[in-house]
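Listed below, chain by chain, are the residues.
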Amino acid sequence: MKSIFHLLILFLLTSSLIAQPTPGQLSSAFEWRNIGPANQGGRIVDIEADPNDFTKVVIATGSGGVWKSDNAGTSWTPIFDRYETASIGDIALGPNGTQTIWVGTGEANNRNSTSWGNGVYRSDDGGQNFRHLGLANTQAIARVVTHPKQAEEVCVCATGHLWGYEGERGIFQTTDGGKSWKKLAGGLPDDGKTGCTDLVRDPKNPKILYAAMYHRYRQPWTFYSGGEQGGIYKSTDNGKSWKKLSTGLPAGPTGRIGLAIYPQNPKILMALVEAERSTDLNQPGSGLYRTENGGQSWQYVNTYNNRPFYYSQVRINPRNDQRVYLLTTSFMVSDDGGKTLRNGSEDQEVHGDFHALWPDPNYPDRYYLGADKGLSITHDHGTHFTLIDNLPIGQFYRIGYDMRDPYYVYGGLQDNGTYATASFSRDARGILSDSNWKLHWGDGQFIWVDPDDWRKVYSSTENGSFLQYDPLTHRIDGISPTPLNTLNPPGVDPADESAIRFNWSAPLVLSPHDANVLYGGGNYLYRSGDRGQSWKVISPDLSTNHPEKRLQGKSGGVTPDNTGAETHCSISTISISLVKAPVVWVGTDDGQVHVTQNDGESWTNVRTNIPDVPAEIWVSRIEASHTDPAVAYVTFDGHRSDHFHPWVFRTADYGASWQNISNNLPETEVVRVIREDLENPDLLFIGTETGIWFSIDRGGHWERFMPGLPTVSIYDLKIHARDHDLIAGTHGRSIWIMDDISALQQMRPEVMEADAHLFDQKPATLWENVSRGGQRGHFWFAGDNPPSIELTSSKARARFRNTALITYYLGTEASQDVQLEISDLYGKHHHKVKLESIPGIHRYQWDLSFEPQPYSSAQQERISELFRKLEEQYPGNTYVRRAQTRYQNADNAEEAREAVNYLYSSYLEYPLDEDLRLPEAGPGIYQLKLTVGDQTYLGSLEIREDPLLKE
């Protein structure tokens, strides 16, 4: 009896497991689409092209992977989408042009938003496939240097962990194509703190190497750049031994150093050295140095060195050693070996924060130029540039949306202000770049749109600069809390410059209950009841107010750099309960979690109730539940403390206790954002450093939600309240939309246990076709249209067809015949289709057609008369004759109706009577019947006309 009981339990458990969908079955029907934008650019960190053909070019982006063009940027292919990181430090080409591509992952530009990598990759087929070759724990690689004669020999210059001293750093060499690596020593620093920030090889004597060694360390509240063991080192025996170069160089600590070698005479090098500031060229300090004897001695030629921790890139024209380029906030050019400098982009048509330059070795006036604002090329040595604005590599911090139909998406970008773009523009070619516009400059951050008035947009830039914006007039008004508009300013010492602090990404939140109410986060929480015209402080200082970590103006190391990026001990996230307005949650960048249940009259710090998270770890997001005021979710991002681990928690009692729901997330995944679905509290989404995950059981189990989405860091997620679209703001690949997640919203336990289910369907829209047509050549970008839009052809004159997506679910046991029938309410028209019997969520794309019925005798007479009249009216017309011939040769009802319908659908556009056309669904309600075996599931579908017709 006991054995039978055990067998019964085993059977029930097994049945329960079988009933659950397997990974992929719930997501396979969905597909992410990229809507751009592309014209704002994104950070380019390296550019490499075939030295014999500049049109074959590969670029590395700071957080958007690697891209390749075979036509000088007219079109691009992303070639690094499916690997473990999108953060790139450097790339290198092998001796066979762009066939062999080396990728060093992990950006080495040291800023507060820099991501990390996992080592070195190599492709031998032009980027179609890459192999991971190790050095995974270097995290940041500044240079990959190949050997001009030995294809299997490569040196990797690794800066190492930015936020700590763990892992590997220094110079690593392989002589077997990456199968094994050896760390080079023999005189190089090996203190566990100093890594490599630049490396060049003598092209005529490859045994000679020059390395720039660098000690830097970032923490959430400060950045240190500089160290005694930093400096320029030289090897003449292929890295076996090294000597530190000193003659003419700064004697004290040095920070980041950029190196360039002149290929025609490799004894000439330029070095951009970070050191203590000097205004006297006779006193070596920070600035530009030149050697003409292979580093034996250096001449200090210019004191200019702008924000070295972020730039420190120098290049020499391959045909003229007097032409030197400095890549800094401005693009500086010298025509006399660095002694004098001029702005190489004075009109700012290519603008700001330059990081990469590839000079054409065969044409000295041509070079590619890379910056935070993207890629450009010049053919006349910078007199004119072509901005290559077809790369969707935007680095978004936060996103928002409006309630227009179709809606627009807004987002704040790293160093590119705030942009807006359409989710759909009714154009067959997609969402072209002229659908995008820039709201304002700065580092764009949070953005909200009044759901009842799309002309009221609330935006922000770095450090709590809050703005109100009108998309129609483009008027911008500042609405930040100030001592003048704060009705009850905190009682702080006016002489204490750090007493009031706003994080680089200070949160701004629009109340879901009252569009007049805004919340803004500094170290105090501010509330406005009049759209930012005035503010009240409704909290004490919610941070730790740490006496050292709160200080401002103390960052940079040997070069002070205080732009606000290190402002700390401040609010990082705010969430307002959708269920109960007085419930407000706040998280801080120093690890505190607070809740108020009375709109700020009293606060409870619940951080000590959250288990197993190190103290003061950055709170990346708090999400108040949309269905229960006591429920909230919190995520922590530990990478700024050199902790790489997923922390996701849920409370159901206002923070008194917390459940860790990280569960099966990868051990090293870092979580940046969490969202609870607006309708289904069991459905959660998280955005991480490498992509998006979802859970249908409140975090009990997580599954990747990546169909069509590349590996990229997800900084923000929003669910459109009306359209049920999931919108992702990526930091490196612009904005993506997952259209209509309503099937997941309806995916309750009873649905998963069913043999099949027909979901409530999102209304289909008969969008008006406003495609502009016209030839554009091939240099352009367009975001993807929604999946319901189907092109009539690939030609410039193409238009689109509307379709309807019908979503259904088949259980794991669904192995029987499956059929879907669509009919009008009168049963006159029908559309039947057999479907595959595959478990999971599926979408059937209906072309809105019905089964054609044969023409009646009366209809046939009308058609004959119609052709006779058309022959008289349009004698010899190609379209009329073509339609008549097809009609006469038709073998069935469908062919006959297609022939007659051609009069209507062709360029003739004859106003054909509707009963003679191919039957097609118009606005109205349609019946759905899903049959699985002998079971029937009923539903309905609404088709609506374009709301544009009602404006």
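Quick caveat: nothing in here was measured; it's all calculated off a predicted structure. One numbering rule holds for all chains: residues counted from 1, following each sequence as written. Only residues with pLDDT of at least 70 are given local features in this predicted model, and only at 80 or more are side-chain atom pairs given and counted; all residues enter the totals for whole chains, interfaces and linings. Excluded from the side-chain calculations are hydrogens and water; all other atoms, namely the structure's heavy atoms, are used.

Draft legend 1. How the structure looks around a nonpolar patch on the surface. Residues with no salt bridge and a relative accessible area higher than 30% make up the patches, which join like charges within 9 Å and nonpolar side chains (Val, Leu, Ile, Met, Phe, Trp, Tyr) within 5 Å. Using a 1.4 Å probe, the Shrake-Rupley method yields the accessible areas, and only the shown protein chains count as cover for residues. We count a salt bridge whenever a side-chain nitrogen from Lys or Arg sits within 4 Å of a carboxyl oxygen from Asp or Glu. Where nonpolar side chains cluster on the molecular surface, the patch consists of Leu825, Tyr826 and Ile925 and spans about 380 Å² of accessible area. Helix numbers and strand numbers start at the N terminus; a helix is a DSSP run of H or I with at least 4 residues, a strand a run of E with at least 2. Residue position: Ile925 is located in strand β68 (residues 924-932).

Draft legend 2. Region of interest: the pairing of strand β52 (residues 671-676). Here's how the labels work: a residue is buried when its accessible area is under 20% of the maximum for its type, exposed when over 50%, partly exposed in between, all with a 1.4 Å probe on protein chains only. With 6 of 6 residues buried, β52 is to be regarded as a mostly interior element. DSSP calls a pair of strands paired once it identifies at least 2 bridges connecting them. Looking at chain direction, β52 and strand β53 (residues 684-688) are connected through 5 bridges and run antiparallel. The residue of β53 that forms the bridge with Glu676 is Leu684.

Draft legend 3. Molecular detail of the state of the cysteines. We call a pair of cysteine sulfur atoms a disulfide whenever their separation is within 2.5 Å. Tallying each qualifying case throughout the model produces 1 disulfide. Cys157 shares a disulfide with Cys196; S-S distance 2.2 Å. Residues Cys157 and Cys196 share a disulfide whose torsion about the S-S bond is about -100 degrees; that sign makes it left-handed. With Cys157 in strand β11 (residues 154-158) and Cys196 in strand β14 (residues 194-201), this pair connects stretches of sequence that are 39 residues apart. According to the relative accessible area criterion, Cys196 is buried, its value standing at 0%.

Draft legend 4. Geometry of a negative patch on the surface. Where like charges cluster on the molecular surface, the negative patch consists of Asp891, Glu894, Glu895 and Glu898. With respect to the element layout, Asp891 can be found in the loop between α5 (878-888) and α6 (893-905). Residue Asp891 is classed as exposed on the basis of its relative accessible area of 70%. Under the counting rule used here, the positive set is Lys and Arg, the negative set is Asp and Glu, and His together with the chain ends is not counted. Where a charge lies is defined by one atom per residue type: Lys uses NZ, Arg uses CZ, Asp uses CG and Glu uses CD.

Draft legend 5. Region of the structure containing the nonpolar core. Formed by 30 residues in total, the largest nonpolar core has its most connected members in Trp32, Phe685, Phe705, Leu726, Leu744 and Ile841. The set of elements that each furnish at least two residues to this core consists of β54 (692-695), β56 (714-719), β57 (726-730), β58 (735-738), α2 (742-745) and α3 (749-752). Ranked by the residues each element gives to this core, the list is headed by β56, at 3 residues. In this analysis, two residues are considered to be in contact whenever any of their non-hydrogen atoms come within 4.5 Å of each other. Filtering out sequence-adjacent residues up to four positions away, Trp32 remains in contact with Ile692, Phe705, Met706, Pro707, Gly708, Leu709, Leu726, Ala728, Trp736, Ile737 and Met738. The next biggest cluster of nonpolar side chains, apart from the first, holds 25 residues, and it includes Ala756, Ala764, Ala804 and Ile822. Residues belong to a common nonpolar core when they are buried Ala, Val, Leu, Ile, Met, Phe, Trp, Tyr or Cys residues joined through side-chain atoms within 4.5 Å.

Draft legend 6. Representation of α5 in the model. Within α5, the full set of buried residues consists of Val880, Ala883 and Tyr887. Taken down its axis, α5 places every buried residue within 70 degrees of arc, on the same side. Summarising the contacts, the buried residues of α5 are in contact with α4 (857-873) and α6. The directions from the helix axis to the C-beta atoms are what the arc is built from.

Draft legend 7. Quick look at the UniProt feature "domain: Sortilin N-terminal" (unreviewed entry) in the protein chain. UniProt positions are given in the numbering used here, feature names are shortened, and annotations may be inferred rather than shown by experiment. In this numbering, the UniProt entry assigns the feature "domain: Sortilin N-terminal" (unreviewed entry) to residues 120-247. Between the end C-alpha atoms of residues 120-247 there is a gap of 35 Å, over a span that is 0% helix and 43% strand.

Draft legend 8. Summary view of the packing of α5 against α6. A fitted line through C-alpha atoms serves as each axis, taken over the contacting stretch for helices, and the angle formed by two N-to-C directions is quoted from 0 to 180°. Packing of α5 against α6 brings their axes to within 8 Å, and their N-to-C directions diverge by 170 degrees. When the axis of α5 is compared with that of α6, the two are roughly antiparallel. Touching Tyr879, Val880, Arg882, Ala883, Arg886 and Tyr887 of α5 are Ala896, Ala899, Val900, Tyr902 and Leu903, all from α6. Think of it as three bins: nonpolar holds Ala, Val, Leu, Ile, Met, Phe, Trp, Tyr, Cys and Pro, charged holds Asp, Glu, Lys and Arg, and polar takes everything else, Gly as well. Residue composition of the contact of α5 with α6, by class: 9 nonpolar, no polar and 2 charged. Between 65 and 115 degrees an angle is taken as roughly perpendicular, under 35 as roughly parallel, over 145 as roughly antiparallel, and anywhere else as oblique.

Draft legend 9. The side chain of His440, seen in detail. Position of His440 relative to the elements: it lies in strand β35 (residues 437-440). A polar side-chain atom of His440 sits 2.7 Å from a polar atom in the side chain of Ser459. When residues no more than four places from it in sequence are discounted, the contact partners of His440 are Asn416, Gly417, Thr418, Ser459, Ser460, Thr461, Leu467 and Ile476. Nitrogen and oxygen atoms within 3.5 Å of one another constitute a polar contact, given that in protein one can donate a hydrogen and the other can accept it, and given that sequence-neighbouring residues count only through two side-chain atoms.

Draft legend 10. Quick peek at α6. Take the number of residues in a helix, subtract one, and multiply by 1.5 Å to get its expected span. With 13 residues, α6 ought to run about 18 Å at 1.5 Å a step, and its terminal C-alpha atoms sit 18 Å apart, in line with that. For α6, the principal kink sits at Ala899 and spans about 25 degrees. Taken residue by residue, α6 has Ala896, Arg897, Ala899, Val900, Asn901, Tyr902 and Leu903 as its buried positions. If you follow the buried residues of α6, they end up packed against α4 and α5. One side-chain oxygen of the residue at the start of α6 lies 3.2 Å from the amide nitrogen of Glu894, identifying that residue as Asn892. What is called the bend at a residue is the angle between a pair of axes, fitted to the seven residues leading up to and ending at it and to the seven starting from it.

Draft legend 11. Structural context of the domain arrangement of the protein chain. Where each domain starts and ends follows an automatic or database-derived domain assignment. Each assigned domain of the protein chain is listed with its residue range as follows: domain 1 (42-388), domain 2 (396-489 + 498-598 + 606-747), domain 3 (764-850 + 923-949) and domain 4 (857-916). Put simply, the middle of domain 2 and the middle of domain 3, counted by C-alpha atoms, are 34 Å apart. Contacts between the two partners involve 19 residues from domain 2, matched on the other side by 30 residues from domain 3. Here the quantity called buried area is the accessible surface, traced with a 1.4 Å probe, that two parts lose on coming together, added over both. Summed over both sides, the interface between domain 2 and domain 3 buries roughly 2,100 Å², with carbon and sulfur atoms accounting for 53% of that surface.

Draft legend 12. Inspection of the pattern of salt bridges at higher detail. Inspection of every chain in the model, using the stated rule, returns 52 salt bridges. The residue Asp637 makes a salt bridge to Arg672 at a minimum N-O spacing of 3.6 Å. In this pair, Asp637 sits in strand β49 (residues 632-637) while Arg672 sits in strand β52, placing the two residues 35 residues apart along the sequence. Across this residue pair, the class does not change: Asp637 and Arg672 are buried. Look at the salt bridges and you will find they share partners, linking Arg122, Asp124, Arg131 and Glu152 into a network.

Draft legend 13. Examining the packing of aromatic side chains more closely. Note on aromatic contacts: the rings of Phe and Tyr and the six-membered ring of Trp form a pair at centre separations within 6.5 Å, being stacked when their planes are under 30 degrees apart, edge-to-face when over 60 apart, and tilted otherwise. Tallied over the full model, the rule gives 38 aromatic pairs. Summarising the aromatic geometry, the rings of Tyr879 and Tyr902 are spaced 6.2 Å apart at their centres and angled 45 degrees between planes, so their arrangement reads as tilted. Taken together, the residues Tyr879 in helix α5 and Tyr902 in helix α6 connect sequence positions 23 residues apart. Within the aromatic cluster, the residues linked to one another by ring pairs are Phe30, Trp32, Phe685, Phe694 and Phe705. We call a charge positioned above a ring when the Lys NZ or Arg CZ atom is no farther than 6 Å from the ring centre and deviates by at most 35 degrees from the ring normal. Taking the ring centre of Phe54 as reference, the NZ or CZ of Arg366 above it sits at 3.7 Å.

Draft legend 14. Structural view of the sheet that holds strand β42 (residues 525-528). Read from one edge to the other, the open sheet built from 4 strands follows the order β40-β41-β42-β43, with strand pairing classed as antiparallel. Both outer strands of the open sheet, β40 (508-510) and β43 (536-537), are each paired with one neighbouring strand and no more. Across 4 bridges, the pairing between strand β41 (residues 518-521) and β42 is antiparallel. Its bridge partner being in β42, Gly520 is matched across the sheet by Tyr526.

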